[in-house]
Amino acid sequence: MNPYEEYMKQMAQPMRDELTSAGFEELTTADEVAEFVTGTKGTTLVVINSVCGCAAGLARPAAREAIESEKKPDHFITVFAGQDREATSKMREYLEGYEPSSPSMVLMKDGQVLHFIPREEIEDHEVEEIVENLTGAFEQYC
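Described in the following lines is the structure provided in the data block. All of these numbers come straight from a predicted model, not from anything done at the bench. (Residues numbered from 1 in each chain as written. Predicted model: local features only at pLDDT ≥ 70, side-chain atom pairs only at ≥ 80, totals over all residues. Heavy atoms only, no water.)

**Observations regarding helix H2 (residues 30-39)**
Rules: Partly exposed describes any residue whose relative accessible area lies between the buried limit of under 20% and the exposed limit of over 50%, with all areas from a 1.4 Å probe on protein chains only and scaled to the type maximum. Secondary structure follows DSSP: runs of H or I at least 4 residues long count as helices, runs of E at least 2 residues long count as strands, and numbering of each begins at the N terminus. To obtain the arc, one takes the directions from the helix axis to the C-beta atoms. The criterion used for residue contact is that any of the two residues' heavy atoms lie within 4.5 Å.
Residues of H2 that are buried include every one of Val 33, Ala 34, Phe 36 and Val 37, and no others. The arc that holds every buried residue of H2, seen down its axis, measures 170°, which confines them to one face. Those residues of H2 that are exposed and aimed more than 90 degrees away from the buried face are Asp 31, Glu 35, Thr 38 and Gly 39. Buried-residue contacts for H2 involve strand S1 (25-26), strand S2 (43-49), strand S3 (75-80), helix H4 (85-93) and strand S4 (104-109).

Below is the structure:
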């Protein structure tokens, strides 16, 4: 690993920990993503994490708050765009018809997309609006 990659890995660790400490399972390889998506039944919230400010100030806090609601998905997973490129690329293969967006959030059931929240619906929005967007999808699909 070159010095830049090592630096970015160290910088991103707290951003990873923010989701994993809340109960999200981090998938870091394409094989882990494929195995999870094809082998897991039920509803899943996927957070495509990133180092940008809207991920830090909006996406991760909203995801953490939303999963505290009474009605919520069966599973919570995350991939890290720009860090775990193969895992993120593999996850995006399952998001057919949706432009790559990071951060973004996806509610899936049995590998099928039910609800997609792109960066445009995260950036310049309030945490509460994003939580409402997520919990509304949870109410409808979970």
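**Quick notes on the side chain of Thr 88**
Stated formally: Between N or O atoms, a polar contact is any pair within 3.5 Å; within protein, one atom must be a potential hydrogen donor and the other a potential acceptor, and residues adjacent in sequence are included only when both atoms are from side chains.
Mapped onto the secondary structure, Thr 88 falls in helix H4. With relative accessibility at 2%, the residue Thr 88 sits in the buried group. At 3.2 Å, the side chain of Thr 88 and the backbone oxygen of Phe 80 are in polar contact. Contacts of Thr 88, omitting those with residues within four sequence positions, involve Ile 48, Val 79, Phe 80 and Ala 81.

**Examining the environment of Met 105**
Relative to the helices and strands, Met 105 is located in strand S4. Residues Met 105 and Leu 45 lie 60 residues apart in sequence; the distance between their C-alpha atoms is 7.0 Å.

**A look at the pairing of strand S5 (residues 112-117)**
The cut-off we apply is this: In this description, strands pair whenever DSSP reports at least two bridges between them.
In the sheet, S4 pairs with S5 via five bridges, with the strands oriented antiparallel. The residue bridging Met 105 from the neighbouring strand is Ile 117, located in S5.

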